[in-house]
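Descriptive analysis of the structure
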Amino acid sequence: MKLKYLGTAAAEGWPAVFCNCDYCNKARERGGKSIRTRSQAMVNDDMLIDFPADTYHHALVNNLNLSKIKHTLITHTHSDHFIPVDLAFRGICFAHNLISEKITFIGNEAMNSLLKEQYLKSMYKEVADKIESVYLPLFKPTQFGDYTITALHANHKTDEIAYVYVIQKDNKTMLYLHDTGFLAPENHEYLKNSGIIIDLISYDCTFVLGRDGNGHLGLPDCIELREQLFVDGIVSKKTVHVINHFSHNGGTLHEELEAEAAKSGFLTSYDCMEIEI
Ligand SMILES: [Zn+2]
Ligand SMILES: [Zn+2]
Ligand SMILES: [Zn+2]
């Protein structure tokens, strides 16, 4: 299974849209991996995780053919994770010869009501008919094509029940932990009882080298969470640990963060980074 990071920033991007702080200006100066767009990832070439406003930009930069996408997992409806306005252009005169006729959006109740009530209702019927909206209950492994997807309960200070996901295919397992602080015990219990060994974990690291734990994580929190998952027996010495979803308020540009995270055995994501497990 391949995971490609399309965007690796928190909600405002880095440099942030309207920000003139030192860390945004340093990122503008240095460019390269320190330029981070809004959070999105792709699994193989047929599944997206989240659908921010930067989706079109991600398709251009990575030369993606989004007509191949069959499934999209939505973690929650904050605007850096779910702004599917461009779905209106998925059909009739706006898009021809779709490789996957249908695209299925998978997520919580908030995502389903927003997609159905706000977006699908305002689209041409021929376009809306090819967009499926599916509510995935917590802790229920469900088959979507070749993938088995399980939603866990994120700790994210929002009115909706935000999700993090276990994604399985071909005997490989990823845990995608965005946006969340430390997980509630029910999640650890579920994972322990599932017998899963995780091959790759992508951690929220909004606070970069700082700490939070309640709503988001920083590197010291990720280290603590990794230890707990190790005690739970669901990660092995071979598990790949990646930090992602960074806020400019955390201050540290890519190269310095990468060096610091490597000391603790974490990889640091950047836009366009690809990992195969
Ligand atoms: Zn976010
Ligand atoms: Zn800034
Ligand atoms: Zn969020």
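A short tour of the structure in this document, coming up.

Rules used throughout
Residues numbered from 1 in each chain as written. Chains lettered and ligands numbered in written order. Predicted model: local features only at pLDDT ≥ 70, side-chain atom pairs only at ≥ 80, totals over all residues. Heavy atoms only, no water. Phe/Tyr/Trp six-rings, centres within 6.5 Å; stacked < 30°, edge-to-face > 60°. Helix = DSSP H or I, 4+ residues; strand = E, 2+ residues; numbered from the N terminus. Buried < 20%, exposed > 50% of the residue type's maximum accessible area, 1.4 Å probe, protein only. Lys NZ or Arg CZ within 6 Å of the ring centre and 35° of its normal. Polar contact = N/O pair within 3.5 Å; in protein donor to acceptor, adjacent residues only side chain to side chain. Contact = heavy atoms within 4.5 Å. Arc of directions from axis to C-beta. Core = buried A, V, L, I, M, F, W, Y, C linked by side-chain atoms within 4.5 Å. Pairing = 2+ DSSP bridges. Axes fitted to C-alpha atoms, helices over the stretch in contact; angles between N-to-C directions.

As enumerated under the stated definition, the model contains eight aromatic pairs in all. Between the aromatic rings of F82 and F105, the centroid separation amounts to 6.4 Å while the plane-to-plane angle is 65°, which identifies the pairing as edge-to-face. Of this pair, F82 sits in the loop between β4 (71-73) and β5 (103-107) while F105 sits in strand β5, placing them 23 residues apart in sequence. With a relative accessible area of 2%, F82 lands in the buried category. Judged by its relative accessible area of 0%, F105 is buried. Each ring, one from F94 and one from Y124, has its centre 6.5 Å from the other, and the planes form 40°; the classification is tilted. Placement of F94 in the loop between β4 and β5 and of Y124 in the loop between α3 (109-119) and α4 (125-128) is noted, with a sequence separation of 30 residues between them. Relative accessible area serves as the criterion here: at 41%, F94 is assigned to the partly exposed category. By the ring-pair criterion, three or more aromatic residues cluster together here, those being F51, F82, F105 and Y119. K33 extends its terminal NZ or CZ atom over the ring of Y270, reaching a point 4.2 Å from the ring centre.

Inspection of the secondary structure assignment puts S34 in the loop between α1 (22-30) and β2 (40-43). Polar side-chain contacts of S34 include one of 3.2 Å to the backbone nitrogen of H254. With sequence-adjacent residues up to four places away left out, S34 is seen in contact with W14, A27, L253, H254 and E255.

The subject of this paragraph is helix α5 (residues 185-194). Within α5 the residues assigned to the buried category are N187, H188, Y190 and L191. Buried residues of α5, seen end-on, are gathered within an arc of 160° and therefore sit on one face of the element. Turned more than 90 degrees away from the buried face of α5, the exposed residues are P185 and N193. In the core, the buried residues of α5 are packed alongside β8 (147-153), β9 (163-169), β10 (172-177) and α6 (219-232).

Turning next to the nonpolar core. In terms of nonpolar packing, the biggest core is built from 35 residues, with L175, L177, L191, I201, Y203, L229 and I243 touching the most fellow members. Here the element with the most residues in this core is α6; it accounts for four residues. Setting aside its immediate chain neighbours within four residues, I243 contacts Y203, C205, L219, C222, L257, A261, F266, L267, T268 and S269. One finds L73, V134, F144 and V242 within the second-largest nonpolar core, a separate group that totals 25 residues.

This part covers the sheet that holds β10. Spatial strand order, β7-β8-β9-β10-β11-β12-β13: seven strands in an open sheet with mixed pairing. The sheet terminates laterally at β7 (142-144) and β13 (267-268), the two strands that pair on one side only. Bridge count between β8 and β9: six bridges; the pairing is antiparallel. Looking at the pairing, A151 lines up with Y165 of β9. Of the strands in this sheet, β8, β9 and β10 touch α5, which is tilted by about 150° from β8. Lying over the sheet, α6 contacts β10, β11 (198-204) and β12 (235-244), oriented at roughly 155° with respect to β12.

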